[in-house]
Amino acid sequence: MESSEKKGLLIAFEGVDGAGKTTQAREVCAALAERGVDAVYLREPTNGPHGTRLRQLMVAGRDKVDPMEEFRLFLEDRREDVAQNISPALARGAVVCIDRYYISSMAYQGALGLDPEFIRVENEKIAPVPDLILYFHLPVEESHARIVATREGGYNLFEQQAYQERVAAVFDGMNFPQMVKIDAARDPAAVQQQVMAEIEKLLTSHSLV
Ligand code: TYD
């Protein structure tokens with residue numbers, strides 16, 4: 001994407017399942033909107049055709065699909081999200097808070113055996129690079145306990161502990177300069193304080209506040 005088309009900021013909320021990033025992303029958007037900032041909440045997989053197919057596959061079991069095909073489905077879903085939602089919002093100067101992005105593809109499809117670097121390069125051909133990546137870090141045992149305690153029925157193969165351990169290892173090994181690690185084991189208010197402080201820094205450096 002041409003940088004001249006991008007006036008807004010893109011913030012990716014990332015981490016293993018159960019780390020609380022969805023709550024945080026929604027709250028950040030609400031807090032920014034209250035201050036008059038044009039803030040947009042998005043999530044991937046989307047509710048579009050590819051995203052819907054991906055969710056169905058997760059329920060059916062990931063052994064039904066080959067890792068490369070899964071990677072391609074996430075890429076197609078993202079291509080649509082970029083065209084329909086992300087690029088237009090960035091072009092008009094909005095702050096986009098995205099709940100999972102291609103960093104999740106690197107971790108989750110990387111944990112299936114694909115090369116995370118290949119995943120990054122392919123995604124950066126079609127998707128804008130985030131200005132800030134908030135990595136919600138939580139020991140896998142803790143995220144597992146949270147998921148078991150809070151979800152009914154929806155517990156699927158995506159959330160199996162051994163797989164999550166591999167996913168976490170890929171996240172931990174990433175070296176994006178714009179990635180900030182957030183200790184998600186603390187209470188939500190403390191987490192939110194750190195998240196907002198990081199976002200303030202970003203907005204100030206881009207003169208958006
Ligand atoms: P979702 O139901 O949104 O879970 P959560 O609320 O925990 O984020 O499903 C997202 C799942 O999709 C999650 O387990 C991670 C996975 N995923 C990938 O494997 N690759 C990707 O590129 C993305 C965006 C998500």
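The structure this text deals with has already been given above.
How each quantity is defined
- Residues numbered from 1 in each chain as written.
- Predicted model: local features only at pLDDT ≥ 70, side-chain atom pairs only at ≥ 80, totals over all residues.
- Heavy atoms only, no water.
- Buried < 20%, exposed > 50% of the residue type's maximum accessible area, 1.4 Å probe, protein only.
- Helix = DSSP H or I, 4+ residues; strand = E, 2+ residues; numbered from the N terminus.
- Arc of directions from axis to C-beta.
- Contact = heavy atoms within 4.5 Å.
- Phe/Tyr/Trp six-rings, centres within 6.5 Å; stacked < 30°, edge-to-face > 60°.
- Lys, Arg positive; Asp, Glu negative; His and termini not counted.
- Salt bridge = Lys/Arg side-chain N within 4 Å of Asp/Glu carboxyl O.
- Polar contact = N/O pair within 3.5 Å; in protein donor to acceptor, adjacent residues only side chain to side chain.

Caption draft 1: Broad picture of helix H6 (residues 140–150). The set of residues buried in H6 consists of Val140, Ser143 and Ile147. Looking down the long axis of H6, one finds its buried residues gathered within 65° of arc, a one-sided arrangement. Pointing more than 90 degrees away from the buried face of H6 are the exposed residues Glu141, Val148 and Ala149. Buried residues in H6 make contact with helix H7 (161–172).

Caption draft 2: How the structure looks around the packing of aromatic side chains. All chains considered together, the criterion is met by six aromatic pairs. The interplanar angle of 15° and the centroid separation of 5.9 Å between the aromatic rings of phenylalanine 13 and phenylalanine 136 together place this pair among those described as stacked. With phenylalanine 13 in strand S1 (residues 9–15) and phenylalanine 136 in strand S4 (residues 132–137), this pair connects stretches of sequence that are 123 residues apart. Here phenylalanine 13 falls in the buried class, since its relative accessible area comes to 0%. Summarising the aromatic geometry, the rings of phenylalanine 71 and phenylalanine 118 are spaced 5.3 Å apart at their centres and angled 45° between planes, so their arrangement reads as tilted. Within this pair, whereas phenylalanine 71 is found in helix H3 (residues 67–91), its partner phenylalanine 118 is found in helix H5 (residues 116–124), the two being separated by 47 residues in sequence.

Caption draft 3: Summary view of unusual backbone geometry. Across the junction of glutamate 44 and proline 45, the peptide omega takes the value -5°, indicating a cis bond. Within the fold, proline 45 resides in the loop between strand S2 (39–43) and helix H2 (49–60). Positioned with a positive phi, arginine 100 is a non-glycine residue whose angle comes to about 75°. Take arginine 100: it is sitting in the loop between strand S3 (95–99) and helix H4 (102–108). Overall, arginine 100 belongs to the buried group, its relative accessible area being 13%.

Caption draft 4: Expanded view of the side chain of glutamate 14. Following the sequence through the fold, glutamate 14 ends up in strand S1. Although glutamate 14 lies buried, it forms no salt bridge, and the closest oppositely charged side chain, arginine 100, sits 4.2 Å away as judged by the N-O distance. There is a polar contact of 2.5 Å between the side chain of glutamate 14 and the side chain of serine 104. Discounting chain neighbours no more than four positions away, the residues touching glutamate 14 are Lys21, Arg100, Tyr101, Tyr102, Ile103, Ser104, Ile133, Leu134, Tyr135, Phe136 and Phe171.

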